[in-house]
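Tertiary structure, described
Each chain is listed here by its residues.
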Amino acid sequence: MLNLQCEHNRRVFVQAFAQMTLGVRLLGLRGEAYGASPAVKSTGKPAARTRAKNVIFLYMRGGMSHIDTFDPKPGREEMAGVQSIATSAPGIEVSEWFPRTARQMHQVALVRSMTSTQGVHERGNYLAHTSYFQTPTITHPALGAWTLKRLGSGNPLLPGNILINGSPQHPGAGYMESHLAPLPIVDPAAGLQNSAAPAGVREFDFARRTKFAELLNRPFLERTPHRAAAAYDKIHTKAVELMRSKDLKAFDIAQENAATRAAYGDSTFGQGCLLARRLIEHGVRYVEVEDDQNWDTHNDQLVQMKQMTPAADQSFAALLSDLHERGLLESTLVVMATEFGRTPKMNEVTSGRGHHPAAFTWWLAGGGIKGGFVYGKSDAAGDRVAESPVEMPDLNATIAMALGIDLEQTETSPSGRPFTVADKGRPVMPLFA
Amino acid sequence: MNGYRTTIAIVATWLGAAGFGIAEGRGAEPVDFERQILPLLYNRCFSCHSEKQAEPKAGLLLDSAEGLKADGVINVAKPDESEMLIRVSLPHSDESLMPPLKGGGQPLNEAERALLRRWIAEGAQTQDWRRFDHREPAVEYDRKPLGRTEVPRLAREMDAIVQKFHRANEGAKDGADQSSLNPAIDDATFVRRIYLDVVGRIPSYEESQTFLEDTSPDKRARLIDRLLASEGYVSHMFQWKADQLRVLTRGFPGQPGYKYDEWVKESIRSGMAYDEFVRRLVTADGYLWENGAVGFYQRDLGMPFDHMSNMVRIFLGTRLECAQCHDHPFEPITQADFYQLTAYTYGVSNLYSAAGYSTDNVPQWPELQKKLDAMDAPKGLRDFVSVTVAPLKRLTKDTPHGLKYPDHAPTAETRRGKPVDCRTPFGDEAPATVDNRREVLAAWMTSPRNPRFTRNIVNRLFRRVMGIGLIEPVDSLSPVNRPQQAELLNYLTQTMADLRYDERALLAVLLNSKLYQSECDREEPEPGEPFAMRGPLLRRLSAEQIWDSLLTLLVEGLDERKPRFNDRGMLEGSYLERLTKMSASEVLDRSKVVMEHHAARRAHSLELEQQRIALKQARDSGDKEAYAKLHKQFALVNDAFERYSLSLGMGGGEAPKETDRRWAGLPPSWLRAAELPTPVALGHFLRQFGQSDRREIDAFNKNPNITHSLAMMNGELTEAIVDEHSYLRAGLRNLDEGERIAVIYQAILVRRPTSDELAHVKQLFAESGTPEADLIWALVNSPEFLFLQ
């Protein structure tokens, strides 16, 4: 019974100390340094130009219809009267519900040949995030945890992996160390949870309390050499420091001017996108924003799309143009993903569309990806992939490659099983500019 | 989220063995083959070089004394020329290194190599050992049952064994210290610890005061009994079991998932014996609302192998998952072993193909089809019939479905594509037929003769209250993993069987022991050093213990407060029971109602959108009166819809109002963690402190994170506790300053302030305008509050 527990605690201890600043740490478990430049082993494969430093991963929860959004089928009866419109990219059309995003299409690469076998929300969601099939004996890390593990955080004071509006099912860090899990932001307008004293507690009240608490805590800490106790003391001090630090402002979208805030709009998703941009600007490596609108449109497809698309359209467009204007798009890879598409044939009873993993669309922009580009093709009705199928692990491998992460480097889970980022997905090379 | 909790499960035994090796290597004692060398061979060699393999690698059998004598393997005269020692000492870059890195093998460390070398140099003696018995023998058991009245005696016997161990250990070292435990704890420490360990929260001020004022000599034993019989015990025990069983109230789309949750709680409340509990889970069948235990078969995504891995991990302390795809790289467990075990449950409808979710499980289905055809029903109605009977499609039952070996490697060639016979991997053989295989499995698994079943639960319960298992990790039981305190584990294992698997009784033995009632070990064990427990380990409270402890300061009678749900409609247990018994025409009528409601709901959701737009326009126009009027008007419309839904049995509406005066005005979510729907949202206090998402076994973590400190300093619970109207502060009115300070200390830290602390507090009261709030805030934010000691 002896040593294992000790080994375990030692690791916990190392971890505990390393993650004192909001889960950021500078040393790996085995002591390797996480530098700014990723170590890419030469594998003899074509190495992509590493331009992307950060990722904003936009996740449309529920399974967003492809033909009603970025893979329209002009004139087909499946469209149920929805028109397609021209975009800033010659020859590329999108649905009429995305007029603002249409003007950004010269920056976007659409992948219209996404395909999967997972038609259940939870499983599709899991595959999209981890590139692995869900099993009950292990949880695989999401791409954000992989990215943070391999590349470290761009800002030593801020967490490297943040999830805005995430669902409780998000796989997080999976079997990896818990400090790699995304820090959840519940309400983008409220910023980092609990980072300010409650209303009514003035600064000097807070200072008095903290000082008094420190005074009282000393004896316990002195007679408790347990590392976890010391670690708690340290993070407490750090938390107080953070509350007073300027870096906290990275979480505060109220710092933005009125024009910028208006551009993103007042939807939760839009505010999440704005917060994501601020965080990226402050060096946060990986930010995921989930759209909490329900894209699971089983009923009244057209009505629901009319309700949901304006906020999505505005947010996409604002984010892309804002990143571009600030010169951040070169180094920031924006990805829009969802668990599956929706059946092109409308259900005659519910006027909605069912789950459709056989063909759907994701898109990418920035970070060294071609703009105004379409990869792959679905068939005339949008029912099946007609050309160049891409599976979710392939697309995640593309993201990893854009970041310069070695696709073949093996990671061993605590139970001794070997895994790689994006589960041997093949990166889609034509997407790179 | 898993973090490093399960770290190095695979190397459990060798670390234990190496520990002995290092500790005892200093003396002149010769190496003990069975205790020190055999575990190394078992975990590092047997996977390829044992009789378990149809074709052992290089024809080498290292699992017998005979095999170890094979040419050149061991050279007693020149130990360094032994092939075995050479191969395990190669650099990691060398492909000839044993065990091979490529297969996931763990190279031997320096201490292990030294041990191996010393054993060889001493003549490579195997003493009486002839060959390794891959079928770990069953445990002979034939003893009379014991009742709870025996607990005091059992606790004394347990202490005697602990003493004996320490004496032997100390004697071996320097023969000095005979008092082997840490000093006994005082009543205040005891009452906090026992509440946290048994009920899962700190005691309220009244609870600790009642205990401290009690002068009877057996008050500790009586409190233990009382707490073990309380509703708080059910909550705390549920948390522990739910993490193992991965219970989710919201994890079953279209099914009343909360029924599994309720079943587990009721099994604890009713005192169901542990072996019975496992038997009912393993043999569960029926609909979820008839038998909540079938949740066990609905939780693993319909994957029979994964389900079996999880089952043996939690009930037998054994990890098999490696062997699903290939022979286990760290133990002589073959893929065939795993297949033979999985064959016992492979016929369960939920665990393969679509049989667990099928119209074949709907009793009314054939009759319904006839009726629909006769009336030439439109697709819409047919769809809604399907929706209405959907819960009935998910049925857990036995089918004749059999398992076959895969058609490809790595299974032995003779087996490929052939049917798999049920066979147990250790203990008694348990032949079974298609008709009785689950009953046979359950009987084998839960028998006291099973070499791992009782050991597993005892080791886990020991860990639960002592902070560390006698074997760690708890899921690394194997024939060679012998704990340092083997006698203690054997004694408790036998005691658990004698007590007929009464978990409360076994816990009572542990909790009444001197070992438990000693001051905790405040330092964690050092790697590589033998560790002899002198008291429970200091440890951070779980997320649930922290949440529940904070709520103890906010909610009177917390354990009794239960959630109040709104109508669950089509997932309500009573409705589902009726549905099961409906005739085909009743189902048809019901389907029409469901269809009607669906149409109305669609219309209503469009209406809601119109309302949203109208309200926005009214707000933007600045006409407050118009806005208020609209708001009122819409509320009426929406209420009417809710009433309409309820009248059709479609659920909804508001949860019933709180009627208990103690809880009037409190948020409905201020409940024991065990009562909150799971999985809990990200960003919730419980998730911040590492609560499991119940995706995997025990997927909680206790790693400190800055969000903890932020939540404790600025979060809503702390704010509410500090508030002058809180339950805690309401109890302070009419007390003088000294009394208030004493009560605050006792309520939060369950002790009196020291004289130094009192001096600081007095000064605070002299200087601050809000001393009470400051003191409460400081104590809630102390590390002492977060730890069990």
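Rules and cut-offs
- Residues numbered from 1 in each chain as written.
- Chains lettered and ligands numbered in written order.
- Predicted model: local features only at pLDDT ≥ 70, side-chain atom pairs only at ≥ 80, totals over all residues.
- Heavy atoms only, no water.
- Helix = DSSP H or I, 4+ residues; strand = E, 2+ residues; numbered from the N terminus.
- Rg over C-alpha atoms; globule rule 2.2 N^0.38 Å.
- Buried < 20%, exposed > 50% of the residue type's maximum accessible area, 1.4 Å probe, protein only.
- Contact = heavy atoms within 4.5 Å.
- Areas by Shrake-Rupley, 256 points an atom, 1.4 Å probe, with all protein chains shown as cover.
- Salt bridge = Lys/Arg side-chain N within 4 Å of Asp/Glu carboxyl O.
- Axes fitted to C-alpha atoms, helices over the stretch in contact; angles between N-to-C directions.
- Parallel < 35°, antiparallel > 145°, perpendicular 65-115°, else oblique.
- Left-handed = near helix turned anticlockwise from the far one by under 90°.
- Nonpolar A, V, L, I, M, F, W, Y, C, P; charged D, E, K, R; others polar.
- Core = buried A, V, L, I, M, F, W, Y, C linked by side-chain atoms within 4.5 Å.
- Phe/Tyr/Trp six-rings, centres within 6.5 Å; stacked < 30°, edge-to-face > 60°.
- Lys NZ or Arg CZ within 6 Å of the ring centre and 35° of its normal.
- Buried area = accessible area lost by both parts, 1.4 Å probe.
- Polar contact = N/O pair within 3.5 Å; in protein donor to acceptor, adjacent residues only side chain to side chain.
- Domains from an automatic or database assignment.
- pLDDT = per-residue confidence, 0-100.
- Arc of directions from axis to C-beta.
- Patch = residues over 30% accessible without salt bridge, like charges linked within 9 Å, V, L, I, M, F, W, Y side chains within 5 Å.
- Lys, Arg positive; Asp, Glu negative; His and termini not counted.
- Charge placed at Lys NZ, Arg CZ, Asp CG, Glu CD.

1. Digging into the overall build of chain B
For chain B, the helix and strand inventory stands at 34 helices and 2 strands. Computed over C-alpha atoms, the radius of gyration of chain B comes to 31 Å, within 12% of the 28 Å expected from 2.2 N^0.38 for 789 residues, which places it in the range of a compact globule. Summarising its shape, the C-alpha atoms of chain B cover approximately 100 × 85 × 55 Å along the three principal directions. Taken over 789 residues, chain B has a buried fraction of 58%. Sequence-distant contacts, at least 24 apart, represent 72% of the contacts inside chain B between residues at least 6 apart. When the accessible surface of chain B is split by element, carbon and sulfur atoms take 52% of a total near 32,500 Å².

2. So, the overall build of chain A
Each helix and strand in chain A was counted, giving 10 helices and 16 strands. A total of 433 residues make up chain A; the buried ones form 63% of that total. The long-range share in chain A, meaning contacts at least 24 apart out of those at least 6 apart in sequence, stands at 73%.

3. Focus: the pattern of salt bridges
Residues and elements named next belong to chain B. If you walk through the whole model with that rule in mind, you get 86 salt bridges over all chains. For the salt bridge of K562 with E231, the shortest nitrogen-to-oxygen distance reads 2.7 Å. You can see K562 sitting in the loop between α23 (543-552) and α24 (573-581) and its partner E231 sitting in helix α10 (residues 231-245), a full 331 residues away along the chain. Judged by relative accessible area, K562 falls into the partly exposed class, the value being 30%. As a salt-bridge pair, D373 and R382 come within 2.8 Å of each other at their nearest N and O atoms. A residue is classified by how much of its surface remains accessible, and D373, at 48% relative accessible area, is partly exposed. Judged by its relative accessible area of 27%, R382 falls in the partly exposed class. If you follow the salt bridges from partner to partner, you end up with E231, D261, K265, E266, R269, K562 and E675 in one network.

4. Some details on the environment of D322 of chain A
Residue and element names in this part refer to chain A. Summarising the element assignment, D322 is placed in helix α9 (residues 301-325). Exposure remark for D322: the relative accessible area of 8% places this residue in the buried category. Each C-alpha atom, one on D322 and one on L274, is 9.0 Å from the other, the two residues being 48 residues apart in sequence. In this view, D322 contacts T260, Y264 and R277; residues no more than four positions away in its chain are not counted.

5. Concerning the packing of helix α12 (residues 274-282) of chain B against helix α19 (residues 437-446) of chain B
Residue and element names in this part refer to chain B. Running from N to C, α12 and α19 point in directions that differ by 155 degrees, and their axes come no closer than 9 Å. The pairing of α12 with α19 is recorded here as roughly antiparallel in orientation. The hand of the α12/α19 crossing is right-handed. Contact with α12, carried on its side by D275, V278, R279 and V282, involves R438, L441, A442, M445 and T446 of α19 and no other residues of that element. Of the residues contributing to the contact of α12 with α19, the split by class is 5 nonpolar, 1 polar and 3 charged.

6. Examining the nonpolar core
Counting 229 residues, the largest nonpolar core has L58 and W363 of chain A together with F315 and L775 of chain B as the members making the most contacts within it. Broken down by element, this core gets its largest block of residues, 8 residues, from α9 of chain A. Non-local contacts of F315 of chain B, meaning those with residues more than four positions away in its chain, are made with L245, Y274, V278, L281, V282, F296, M445, R452, F453 and N456 of chain B. V55, L127, M176 and L431 of chain A belong to the second largest nonpolar core, which has 47 residues in total.

7. Side note on the packing of aromatic side chains
Within this structure, the stated rule accounts for 36 aromatic pairs over all chains. Among the aromatic residues, ring-to-ring pairing joins F70, F98, F269, F316 and W363 of chain A into one connected group. The ring of Y516 of chain B is capped by R193 of chain B, whose NZ or CZ atom sits 5.6 Å from the centre of that ring. Sitting over the face of the ring of Y297 of chain B, R438 of chain B holds its NZ or CZ atom 5.0 Å from the ring centroid.

8. Description of the interface of chain B and chain A
Note on interface size: it is often stated as the accessible area lost on association of the parts. The interface is formed by 99 residues belonging to chain B together with 91 residues belonging to chain A. Contact between chain B and chain A buries roughly 8,500 Å² in total, counting both sides, with carbon and sulfur atoms accounting for 62%. Close ionic contact of R695 of chain B with E122 of chain A constitutes a salt bridge, the shortest N to O distance being 4.0 Å. There are 25 residue pairs in polar contact (both at pLDDT 80 or more) connecting chain B and chain A. Here the side of chain B that touches chain A takes 8 residues from helix α28 (residues 706-714) of chain B, the largest share from any one element. Its residues placed into classes, the side of chain B that touches chain A shows 44 nonpolar, 29 polar and 26 charged.

9. Some details on the domain arrangement of chain A
All names here are of chain A. Assigned domains of chain A: these are domain 1 (43-191 + 268-431) and domain 2 (192-251). The C-alpha centroid of domain 2 is placed 37 Å from the C-alpha centroid of domain 1. Summed over both partners, the interface of domain 1 with domain 2 comes to about 870 Å²; 62% of that surface belongs to carbon and sulfur atoms. Among the residues of domain 1 in contact with domain 2, L158, G191 and R278 are the three that bury the most area, contributing 38% of the side total. For the side of domain 1 that touches domain 2, the secondary structure elements donating two or more residues are β6 (183-185) and α8 (268-281). The dominant element in the side of domain 1 that touches domain 2, judged by the number of residues it contributes, is α8, at 3 residues. Looking at side-chain class alone, the side of domain 1 that touches domain 2 contains 11 nonpolar, 3 polar and 1 charged residues.

10. Regarding the confidence of the model for chain B
Close inspection of predicted coordinates is inappropriate for parts of the model with low pLDDT. When pLDDT is averaged across chain B, the result is 90; 94% of the residues are at 70 or more. Segment residues 1-26 of chain B: pLDDT under 50, and 91 contacts once partners within four positions in sequence are set aside and those in other chains are kept.

11. Some thoughts on the side chain of S726 of chain B
Residue and element names in this part refer to chain B. Position of S726 relative to the elements: it lies in the loop between α29 (716-722) and α30 (727-730). A polar side-chain atom of S726 sits 3.1 Å from the main-chain amide nitrogen of R729. Once residues lying within four places of it in the same chain are set aside, the contact partners of S726 are L554, A720 and I721.

12. Describing the confidence of the model for chain A
In the predicted model, chain A carries a mean pLDDT of 87, and the fraction of residues at 70 or more is 88%. Considering only residues more than four positions removed or in separate chains, one finds that residues 1-46 of chain A, a stretch of pLDDT under 50, has 114 contacts.

13. Thoughts on α12 of chain B
When we look at burial in α12 of chain B, the residues that qualify are Y274, D275, F277, V278, L281 and V282 of chain B. The arc enclosing the buried residues of α12 of chain B, seen along the axis, measures out at 160 degrees, which places them on a common side.

14. With respect to a negative patch on the surface
Residues and elements named next belong to chain B. Negative charge collects at one region of the surface, where E716, E719, D723 and E724 lie side by side. Turning to its location among the elements, E719 is positioned in helix α29. Given a relative accessible area of 40%, E719 falls into the partly exposed group.

15. So, the packing of α12 of chain B against helix α14 (residues 304-316) of chain B
All names here are of chain B. It is at 12 Å that the axes of α12 and α14 come closest, and there the two elements cross at 175 degrees. In terms of axis orientation, α12 runs roughly antiparallel to α14. Of α14, the residues touching α12 (which contributes Y274, V278, L281 and V282) are M311, I314 and F315. Of the residues contributing to the contact of α12 with α14, the split by class is 7 nonpolar, no polar and no charged.

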